[in-house]
Amino acid sequence: MSSEPASKKGSSAPPAPRESDGWALFSTLLAGVLVWSAIGWGADRLLGFQALFLPIGAVLGMVGSIYLIVAKTRHL
């Protein structure tokens, strides 16, 4: 026997959020912006621009991260 209560089958209630869920979403957002900013910075250095692709990468990272966060947290 398990000490955990039996869950009802077919329950449509979403699970309660945990503190670690918030940190996971925050780290997804931060990592997306940092990684794509670094890619933009590398493209700037490689192609000889001052700051063209860095802000583009930051915006793409933010948009992509928000998309992933919404996809992760959407309850159907």
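Everything below is about the structure shown above.
Because the structure is a prediction, the values reported are computed rather than measured. (Residues numbered from 1 in each chain as written. Predicted model: local features only at pLDDT ≥ 70, side-chain atom pairs only at ≥ 80, totals over all residues. Heavy atoms only, no water.)

### Observations regarding the overall build of the protein chain
What counts is decided by this rule: In this description a helix means any DSSP run of H or I spanning at least four residues, a strand means any run of E spanning at least two, and both kinds are numbered starting from the N terminus. Any residue under 20% of the maximum accessible area for its type is buried, any over 50% is exposed, and the rest in between are partly exposed; the area is computed with a 1.4 Å probe on protein chains only. Should any heavy atoms of two residues lie within 4.5 Å, those residues are counted as being in contact. Here the accessible surface of atoms and residues is derived via Shrake-Rupley with a 1.4 Å probe, and residues count as covered only by protein chains that are part of the display.
When helices and strands are tallied, the protein chain shows two helices and zero strands. In the protein chain, buried positions account for 13% of the 76 residues. Taking all contacts inside the protein chain whose residues are at least 6 apart in sequence as the whole, residues at least 24 apart take part in 56%. Just so you have it, the protein chain exposes about 6,600 Å², and 69% of that area is on carbon and sulfur atoms.

### Some thoughts on a nonpolar patch on the surface
Worth spelling out the cut-off: Exposure above 30% relative accessible area and the lack of any salt bridge qualify a residue for a patch; like charges then connect within 9 Å, and the nonpolar side chains Val, Leu, Ile, Met, Phe, Trp and Tyr within 5 Å. Criterion for a salt bridge: a side-chain nitrogen of Lys or Arg within 4 Å of a carboxyl oxygen of Asp or Glu.
A cluster of nonpolar side chains, contributed by Leu46, Leu47, Phe49, Leu52, Ile56 and Leu60, occupies part of the molecular surface with about 610 Å² of accessible area. Listing elements by their share of the nonpolar patch, those giving two or more residues are helix H1 (19-47) and helix H2 (53-73). Along the chain, the position of Ile56 falls in helix H2. Assessed through its relative accessible area of 41%, Ile56 is described here as partly exposed.

### Considering the environment of Leu29
By the element assignment, Leu29 lies in helix H1. The residues contacting Leu29, other than those within four sequence positions of it, are Met62, Ser65, Ile66 and Ile69.

### Re H1
Stated formally: A helix is expected to reach a length of 1.5 Å times the quantity of its residues less one.
Along its 29 residues, H1 runs 42 Å from first to last C-alpha, staying within 8% of the 42 Å computed at 1.5 Å per residue. Residues of H1 that are buried: Thr28, Gly32, Val33, Ser37, Gly40 and Asp44. On the buried face of H1, the contacting elements are H2.

### Brief notes about the side chain of Ser65
Note on placement: Ser65 falls in helix H2. Using a relative accessible area of 3% as the deciding quantity, one classes Ser65 as buried. In contact with Ser65, other than residues within four places in its own chain, are Thr28, Leu29, Gly32 and Val33.

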